[in-house]
Amino acid sequence: MTGKKSKSPPADEHALDAFAGFAADGRPTAVERYGAGHIHDTFRVRLREKGQPGYILQRINGRIFADIPGMMANIVRVTEHLRRRLAAIPGADPAREVLTVVPARDGAPFLRDGSGEHWRCFVFIGHRELGARPGTPAQAREAGRLYGRFLALLADLPGPPLRETIPRFHDLARRLDDYREALEHDRAARSSGAAAEAGFVAERGQALLATLRDARRRGLPLRVTHNDTKFNNVLIDSRGHGL
Ligand SMILES: Nc1ncnc2c1ncn2[C@@H]1O[C@H](COP(=O)(O)OP(=O)(O)O)[C@@H](O)[C@H]1O
Ligand SMILES: [Mg+2]
C-alpha cells in the first residue's frame, strides 16, 4: 500500500489480480465497486460470457476480522448446510438462495495476495437494488421472513459451535454494558437527541438479558444466530421475493 491518505489503493487493478487467483469460470470484462457495505471492499466482476451471473469479490477487512480462516470456515459450514437443507425444500433455489463460495485456486475459501490483503469470492446473485431501508411493508416483511428462515434452517447445524471470530461480538451483557458506559460519558454530546431510543433500551435491555439467561438455565439450546439483520444484508429479487 502507498502511504497516501486514500483509504485503499486504486482498487480495480488489485481486484482484477486477486480475481485471477480464484477458481472462477469466465473472462472478466469489468471489476467495479459494488453495494453499500460498511465493512469490506466489495466489487462486482462482470464477464464477457453472456448469461453468466459473474462474481462478487471482496477485500476482507482484516482490522475487524483478525481470524479470517475462522470466519471463512464458518461461512463454508453455514452455506453448505443451507444448500443441503434448501435442496430438500420443494421450490427452493439453492443456486440463488444461499451464497456460493468460490475457492481460490489452491482450494482455500479465501486468498492472500502479495501485499498481505485477504480476498474472498462469491457467485453474483442477481437481485433488485434497494436502499438501506425497506421501501414498502412487503419488503420489510420479506427481509424478516428471510432472517427467520436463516435461523430455522440452521437450527440443526451439526458439529461443534461456530468459531467466535470477533470475541464477545454476540455477548448481549457486554453490549449493554458498553452501551450504558457510552451513554453516561456522552463524549459526542448527542445523547439528548436519542432520548427515545435510550428509553427503549432502558425498558427492555436488562429484562431481555434476564429472560435469555433464565431460558439458558432451563435448557434453551444454543443455536446459530445472525445479529446483523440489516435490510441490506438480504437480497430481494425483481418480483419482491426474498432470496
Ligand atoms: N453474492 C452476492 N450477490 C450479489 N450481491 C452481493 C453478494 N454478496 C454481497 N452482495 C452485495 O454487496 C453488499 C456488501 O456485502 P456484505 O458481505 O454485506 O459486506 P459488508 O460486510 O461490507 O456489508 C451487500 O449489501 C450486497 O448488496
Ligand atoms: Mg453488509
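Further up the page is the structure itself.
Scope of this entry: the structure provided in the associated data block.

## Looking at the environment of L222
No. 1: Inspection of the secondary structure puts L222 in the segment after α6 (195-217).
No. 2: Exposure remark for L222: the relative accessible area of 66% places this residue in the exposed category.
No. 3: As for L222 and A155, which are separated by 67 residues in sequence, their C-alpha atoms are 9.1 Å apart.

## With respect to the nonpolar core
No. 1: Ranked by size, the top nonpolar core spans 16 residues in total, and within it F19, F22, V45, Y55, L57, W119 and C121 carry the most contacts.
No. 2: Among the secondary structure elements, those contributing two or more residues to this core are α1 (11-19), β2 (41-47), β3 (55-59) and β5 (118-123).
No. 3: The residues touching F22, leaving out its near neighbours within four places in the chain, are L57, V102, P103, A104, R105, L111, W119, R120 and C121.
No. 4: If you look at the next biggest cluster of nonpolar residues, it comprises 12 residues, including I68, I75, F110 and F124.

## Things to note about the packing of helix α2 (residues 68-87) against helix α4 (residues 137-154)
Between two packed helices, the angle of one axis relative to the other and the distance separating the axes together describe the packing.
No. 1: Contact geometry of α2 with α4 gives a least axis separation of 10 Å together with a crossing angle of 90°. When the axis of α2 is compared with that of α4, the two are roughly perpendicular. Contacts from V78, H81, L82, R85 and L86 in α2 reach R149, F150, A152, L153 and L154 in α4.
No. 2: The residue makeup of the contact of α2 with α4, split by class, is seven nonpolar, one polar and two charged.

## Concerning the packing of aromatic side chains
No. 1: Overall, the coordinates contain three aromatic pairs when judged by the stated rule.
No. 2: A centroid spacing of 5.4 Å and a plane angle of 50° characterise the contact between F19 and Y55, whose relative ring orientation is tilted. Pair noted here: F19 is in helix α1 and Y55 is in strand β3, with a separation of 36 residues, a long-range link.
No. 3: Residue F19 is classed as buried on the basis of its relative accessible area, which comes to 5%.
No. 4: The class of Y55 is buried, set by a relative accessible area of 9%.

## With respect to the packing of helix α5 (residues 172-185) against α6
No. 1: Axis separation between α5 and α6 bottoms out at 10 Å; the angle between their running directions is 155°. Compared by their axis directions, α5 and α6 come out roughly antiparallel. Considering only the axes of α5 and α6, their crossing is left-handed. In this structure, α5 contributes L172, A173, L176, Y179, R180 and L183 to the contact, and α6 contributes E197, A198, V201, G205, Q206, L208, L209, L212 and R213.
No. 2: Broken down by class, the residue content of the contact of α5 with α6 amounts to 10 nonpolar, two polar and three charged.

## Some details on the site of ligand 1
No. 1: As a matter of local geometry, ligand 1 sits amid 18 residues, with I39, H40, I125, N232 and N233 nearest to it.
No. 2: Contact distances for ligand 1 include 2.9 Å between an oxygen atom and a backbone N or O atom of H40.
No. 3: In this structure, an oxygen atom belonging to ligand 1 sits 3.0 Å away from a side-chain N or O atom of N233.
No. 4: Listing elements by their share of the shell around ligand 1, those giving two or more residues are β3 and β5.
No. 5: Grouping the constituent residues of the shell around ligand 1 by class yields nine nonpolar, eight polar and one charged.

## Side note on the environment of A108
No. 1: As for its position among the elements, A108 is in the loop between α3 (94-97) and β4 (111-112).
No. 2: Looking at A108, the relative accessible area reads 22%, which means it is partly exposed.

## A short note on the pairing of β5
No. 1: For β5, the tally of buried residues reaches five of six residues, placing the bulk of the element in the interior.
No. 2: Of the pairings in the sheet, the one linking β3 to β5 comprises five bridges and is antiparallel in character. Bridge pairing in β5 places R59 opposite W119.
No. 3: Summarising the sheet, β4 and β5 pair through two bridges and their orientation is antiparallel. In the strand pairing of β5, R112 is matched with H118.
No. 4: Between β4 and the antiparallel strand that follows it, β5, lie five residues; G116 among them carries a positive phi value of about 85°.

Scoring rules and cut-offs
Residues numbered from 1 in each chain as written. Chains lettered and ligands numbered in written order. Predicted model: local features only at pLDDT ≥ 70, side-chain atom pairs only at ≥ 80, totals over all residues. Heavy atoms only, no water. Helix = DSSP H or I, 4+ residues; strand = E, 2+ residues; numbered from the N terminus. Buried < 20%, exposed > 50% of the residue type's maximum accessible area, 1.4 Å probe, protein only. Core = buried A, V, L, I, M, F, W, Y, C linked by side-chain atoms within 4.5 Å. Contact = heavy atoms within 4.5 Å. Axes fitted to C-alpha atoms, helices over the stretch in contact; angles between N-to-C directions. Parallel < 35°, antiparallel > 145°, perpendicular 65-115°, else oblique. Nonpolar A, V, L, I, M, F, W, Y, C, P; charged D, E, K, R; others polar. Phe/Tyr/Trp six-rings, centres within 6.5 Å; stacked < 30°, edge-to-face > 60°. Left-handed = near helix turned anticlockwise from the far one by under 90°. Near = heavy atom within 4 Å. Polar contact = N/O pair within 3.5 Å; in protein donor to acceptor, adjacent residues only side chain to side chain. Pairing = 2+ DSSP bridges.

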